[in-house]
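One-letter residues, chain by chain:
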Amino acid sequence: MSGSATTSARSCILQIVAAFSLAAAGYGSQAPAKVQISNDDCLACHSDKSLTTKRGGRSLPLYIDQKKFGASVHGPLQCTNCHADLEGKELPHATPLAKVNCGSCHSDEFQQHAKSVHGKALARGDALAPRCVSCHGNHDIVPVKDPRSAVAAIKIPYVCGQCHQEGTPVQLNRNIAQHDILENYTESIHGEGLLKKGLIVAANCASCHTAHSILPHNDPNSSIARKNIAATCTKCHANIELVHRKTIRGELWEKQANTLPACIDCHQPHKVRNAFYSQGMADADCMRCHAAEHLKASDGRSMVVRASEVAGSRHVKVACSQCHSEVNASRVRPCETITHKVDCTACHEAIGQEYAQSTHGQMHAKGNPNAPFCKDCHGTHHVLGKRNPESFTFSTNVPDLCAKCHREGQKAAVLYTGKEHEIIPRYTESIHGKGLLKSGLTVTATCTSCHTAHHELPASNPESSVNPNNVPATCGACHHGIEEQFVQSVHSASITRTGQPLPVCNDCHSAHSIRRTDLDGFRLDIMNTCGHCHAEIAKTYFDTYHGKVSRLGYTKTAKCYDCHGAHDILKVTDPRSHLSRANVVATCRKCHSDATRRFAGYLTHATHHDPKKYPFLFWTFWGMTTLLVGTFTISGVHTLLWLPRALKMRRQLREEEAREKAAESQADAKSKDNNDGQS
Amino acid sequence: MANPKHEFAAAAERRTVLTEPLVVLPAWPPVVADKREFVRFTRLHRTLHACMIVSFLTLALTGMSLKFSYTGWAVRLARILGGFETAGFIHRTAAVVMFGTFFTHIATLIRDKRRNHLTWRSILFGPSTLLPTRRDAQELAGTMKWFLGLGPRPHYGRWTYWEKFDYFAVFWGIVVIGSTGLTLWFPVFFTRFLPGAFINVATIIHSDEALLATGFIFTVHFFNTHLRPEKFPMDTTIFTGHMPVAELRRDKPREYAALVADGTLEEHLEEPQPEIVIKAFRVFAWTALGIGFSVVVWIIYAMIFAYR
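Quick notes on the rules
- Every chain is numbered independently, its residues counted from 1 as its sequence is written.
- Going through the entries in the order they are written, you letter the chains from A and number the ligands from 1.
- Given that the model is predicted, a residue must reach a pLDDT of at least 70 before its local features are reported, and side-chain atom pairs must reach 80 or more before they are shown or counted; all residues, however, enter totals for whole chains, interfaces and linings.
- The way it works is that DSSP assigns letters per residue, a run of H or I at least four long becomes a helix, a run of E at least two long becomes a strand, and they are numbered from the N terminus.
- Note on contacts: residues are paired as contacts if their backbone-placed C-beta atoms lie within 7 Å.
- The exposure scheme places C-beta atoms from the backbone and then counts, for each residue, the other C-beta atoms within 10 Å of its own, assigning buried at 20 or more, exposed at 12 or fewer, and partly exposed in between.
- By the convention used here, strands pair only if DSSP detects at least 2 bridges between them.
- Lys, Arg, Asp and Glu make up the charged group, whereas Ala, Val, Leu, Ile, Met, Phe, Trp, Tyr, Cys and Pro make up the nonpolar group; the residues left over, Gly among them, are polar.
- Only the stretch in contact is used when fitting a helix axis, every axis being a line fitted to C-alpha atoms; angles between N-to-C directions are given from 0 to 180 degrees.
- Geometric relationships in this document are graded by angle, where less than 35 degrees denotes roughly parallel, more than 145 denotes roughly antiparallel, 65 to 115 denotes roughly perpendicular, and other angles denote oblique.
- In a left-handed crossing the near helix is turned counterclockwise from the far helix by less than a right angle, and in a right-handed crossing that turn is clockwise.
- Values of pLDDT, the confidence the predictor places in each residue, fall between 0 and 100.
- The span one expects for a helix is its residue count, reduced by one, times 1.5 Å.

1. Let's talk about the overall build of chain A
Looking only at helices and strands, chain A has 36 helices and two strands in total. Considering only contacts within chain A whose residues lie at least 6 apart along the sequence, 47% involve residues at least 24 apart.

Written out as structure tokens, the structure is:
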């Protein structure tokens, strides 16, 4: 008691002395009225390392390391700035002092803390609730960025882990849903980054839970509330939408986060890895009901899910709730919140966009019941990869799959108004169909190879893979070497600039009934095909031996592409053309092995109807025609004039013959009579 | 020294002026009950003509199938013939036969000249010449008058002007079609010294000349020598080689007169061919005629209704 009285008396004197001295010096300062307690005053006692006090039966050190304090963020402050209750007290002061109120300066953090799960616990008088000093320490607080800070990023897991690891009173006695938090975190990609690789930017506890506003996940203001989790994660994973285009359409994420899985649905909290993890909403929960054979929906559909189907499927590692995403785990029937059909685009986002643009997708969007949706081609729980021969979408099964609607008479075929008919049998007989279905070459083009799997559009649509502009690239996906030749040829739009439509692959090879080009059918039809556009030149071809034999139905003589090339057709003036001066003899020699340059002068498209281009043929033809007409006219007139005379002569002859015969018979009769008379 | 036979023949020729009535010479000797016939063509001539028929028809059919390849008939024919390559082979084989016929004929002309010790002059300008003469021009004019009812029928000799025309048409045809055909057969060889476009010219000439030949043979020649109303339905002289003497007297009065004047007619008479042989010839002739007419119909159809 006496000690404290002397201290207060001394401080009183000191204050007075100070007041006077300042006044004497002529400073008009606002000198405190009370006695100022300086840090030195405090350190007079607290620099003694042996200074302790007893509290709750334990010895508590009261030593203040002057050096550390001076280096701390609070170094420039007076002790009394925090230990405000020391103000005006006699030294040495009575113990214990009141709890320091950090909120007097750090009011925001103080309020956040007060609202947080920690602050509320503290208000409830929970002895386990952490206060500022629990995490930050007291006299040696350094900036967070300082590695020596108690709350430096790399130390956060330990700070939090003091309470939130297995076996602590908090973990044992308080309602904490998560288990093995620290261990899981340490193993997670974040923990590995922070603790093993020392990446201090890796997320620590506070990165997700915040430092002071720590709230339970079911609090809508929580940083880990379902609707906020995306924002929380994107603090670091700023461009995660780009990475997750296939999973989450940016727009939906923001507007209808509930229809999509949240980050943590796939990347479980504390266990986050760059891989999917099994769900909180476990499949077993679903199967409790859906394993039952008799389970039916209100409209009578069977709702049974065979675990074996899913187990053998491509989605074996995907939880029910990842597709049936509107489940709410807090309900007894988690699925009762489901209002929409499964939207595969939640994961298969790019494909979903393609599908939406396709004819199938457009029809589906209009509510056409005939429009195929994902499951119509891929199935439901037993969805298989396209490389699985059991899959509907395995290449050899695709024609049958598409035929379900596109076979003549089926629902798609009856809607179709274009020119391609009998596509299934035609395809089956085509070189592709035979390759795929008869030879079993699974790399052979099937329906989807040309029409794409999800972006099928009519050929008239410029976006379509079978639009004339895109056909070379579509076919070139397999026939790349041909495409390379084709794009260099006169038929390529990049070479020939014309308003006329240029031919593409299917104009010569057809679309579905593509034939072998080395067999008769194709070789005979190609001339008419070329003749569609090259009418005049085709006509003149048919005036030559090559053309005439072709007309007779024989393939051995040269057809258009034997000379001009098939895909690498170039102008004859182009030195690279098969028919350029340098190459033409070699081209002829393909058939006429001993052809010469003069031989190559044969006009393969000669016409005798063009006096300017081929005067010698023209005049030869007309010379011959004149000869023919002249000869036939003269001999014809001669014959016709002869005819009446000849007929007349014939009559005369007949008459003469008749006369002779009569005379003869008379003579005979006479001689007979004579003979008779004689005898 | 002048040959009395020839002198007589010349006298007979002089006598048979164009204005004389149709039958001027008495039948000599009286041929009552004489079944013998005049031999107009030798066996060689007949054989050559038969070869000609076979090769010509073959060439026509195979060639036309290419020329009129745009008709369904051509396609069917090419199929029947065994495809264009086989048809081509047949065409060239027939061409070889025709060339053979042609050169055999030339060779026999030379052989006969040597054998009979004749001069080219007597062959080319004698009474049996196939070269056109001034008399042919007169006969042509006379024939025209006869056609128009302005005069009697001229007294033709061994070869009428239209028969001579036929003969040289074949001569010319073989040369023209044969040479262009060889060009088309061996284009690589011929383009060693001819421009490549000559193949095109050769094609036109070959094809059009062939059209002329077939058209002419299957219409005018058929009419002139086989189908004339007074001979209808078939003059088999070229097949049997025989001609009734009465016909000789009527159609070739000048030759008949010459032979009578010569007294050599008897040498040219033979017993008729056996009935079966004549029947066989008729079958052959009718077949050839049928094919020929079919080709004509086909050509007309192709040229008029299916022309492209």
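That shown, we press on.
2. Overview of the overall build of chain B
Counting its secondary structure elements, chain B contains 13 helices and three strands. Taking all 308 residues of chain B together, 36% fall into the buried category. Intrachain contacts of chain B at a sequence separation of at least 6 include 79% that bridge at least 24 residues.

3. Description of the sheet that holds strand β2 (residues 242-243) of chain B
All names here are of chain B. The sheet built from three strands is open, its strands ordered β2-β1-β3 with antiparallel pairing. Both outer strands of the open sheet, β2 and β3 (269-270), are each paired with one neighbouring strand and no more. Pairing of strand β1 (residues 37-39) with β3, which is carried by two bridges, proceeds in the antiparallel orientation. Bridge assignment links phenylalanine 38 to a residue of β3, and that residue is leucine 269.

4. As for the interface of chain A and chain B
Between chain A and chain B, the contact holds 39 residues from the first and 35 residues from the second. Elements represented by at least two residues in the side of chain A that touches chain B include exactly α33 (545-551) and α36 (615-678) of chain A. Considering every element that reaches the side of chain A that touches chain B, the biggest residue donor is α36 of chain A, with 20 residues. Broken down by class, the residue content of the side of chain A that touches chain B amounts to 23 nonpolar, ten polar and six charged.

5. Observations concerning the packing of helix α7 (residues 161-185) of chain B against helix α9 (residues 197-227) of chain B
Residues and elements named next belong to chain B. At their nearest, the axes of α7 and α9 sit 9 Å apart, and the two run at 155° to each other. The orientation of α7 with respect to α9, classified from their angle, is roughly antiparallel. With respect to the hand of their crossing, α7 and α9 are arranged in left-handed fashion. Residues Trp162, Asp166, Ala169, Gly173, Val176, Ile177, Thr180, Gly181, Thr183 and Leu184 of α7 form the contact with α9, whose participating residues are Ile199, Ala202, Thr203, Ile205, His206, Glu209, Ala210, Ala213, Phe216, His221 and Asn224. When the residues that make up the contact of α7 with α9 are grouped by side-chain class, the tally is eleven nonpolar, eight polar and two charged.

6. A short note on the confidence of the model for chain A
Detail in the predicted coordinates should be disregarded across regions flagged by low pLDDT. Residues and elements named next belong to chain A. Mean pLDDT over chain A stands at 82; residues scoring 70 or higher make up 88%. A low-confidence stretch, residues 1-14 stays under pLDDT 50, and its non-local contacts, those more than four residues away or across chains, total 13 contacts. Contacts for the low-pLDDT stretch residues 16-33, under 50 throughout, to residues beyond four places or in other chains number five contacts.

7. Comments concerning the environment of threonine 101 of chain B
Residues and elements named next belong to chain B. With respect to the helices, strands and loops of the structure, threonine 101 is situated in helix α4 (residues 83-115). In this structure threonine 101 comes out as buried when scored by C-beta crowding, with 22 C-beta atoms within 10 Å. The spacing of threonine 101 and leucine 48 is 53 residues in sequence and 5.8 Å in space, taken between C-alpha atoms. If near-sequence neighbours (up to four positions away) are discounted, threonine 101 is found in contact with Leu48, Cys51, Met52 and Ser55.

8. Focus: unusual backbone geometry
What is expected of a backbone is that most residues other than glycine have negative phi and most peptide bonds are trans. Residue and element names in this part refer to chain A. Of note, glutamate 422 is a non-glycine position whose phi angle comes to about 50°, a positive value. Structurally, glutamate 422 is set in the loop between α24 (411-415) and α25 (423-429). For glutamate 422, a count of 14 C-beta atoms within 10 Å corresponds to the partly exposed category. One non-glycine residue, threonine 452, lies in the positive phi region at around 70°. Examined against the element boundaries, threonine 452 turns out to sit in the loop between α27 (447-451) and α28 (471-476).

9. Some thoughts on the packing of helix α2 (residues 43-67) of chain B against helix α13 (residues 275-305) of chain B
Residues and elements named next belong to chain B. Where α2 contacts α13, the axes come no closer than 11 Å and their chain directions differ by 25°. As summarised for this structure, α2 and α13 are arranged roughly parallel, according to the angle between their axes. Considering the relative orientation of α2 and α13, their crossing is left-handed. For the pair α2 and α13, contact is made by Ile53, Leu57, Ala60, Leu61 and Met64 and by Ala288, Ile291, Gly292, Val295, Trp298 and Ile299, respectively.

10. Quick word on the pairing of strand β1 (residues 52-55) of chain A
All names here are of chain A. One ladder, built from four bridges, connects β1 with strand β2 (residues 58-61); its direction is antiparallel. Note on β2: the bridge partner recorded for threonine 52 is proline 61. The hairpin turn running from β1 into β2, its antiparallel successor, is two residues long, and glycine 56 in that turn takes a positive phi close to 55°.

11. Some points on α13 of chain B
All names here are of chain B. Between the first and last C-alpha of α13 there are 43 Å, a value that for 31 residues agrees with the 45 Å anticipated at 1.5 Å per step. Looking at α13, one finds that the buried residues are Ala285, Gly292, Trp298, Ile299 and Ala302. Elements that come into contact with the buried residues of α13 comprise α2, α3 (72-80), α9 and α10 (237-240).

12. A closer look at the confidence of the model for chain B
Residues and elements named next belong to chain B. Mean pLDDT over chain B: 84, with 88% of residues reaching 70 or higher. In the predicted structure, residues 1-24 sits below a pLDDT of 50 and forms 31 contacts with residues beyond four places in sequence or in another chain. Interface confidence for the predicted complex, expressed as ipTM, amounts to 0.85; the pTM equals 0.64.

13. Notes on the environment of leucine 295 of chain A
Residues and elements named next belong to chain A. With respect to the helices and strands, the residue leucine 295 is situated in the loop between α17 (283-290) and α18 (307-311). Here leucine 295 falls in the partly exposed class, since 13 other C-beta atoms lie within 10 Å of it. Along the primary structure leucine 295 and valine 305 are separated by ten residues, whereas in three dimensions their C-alpha atoms are 9.2 Å apart. Here leucine 295 is in contact with Cys289, His290, Ser302, Met303 and Val304, once residues within four sequence places are set aside.

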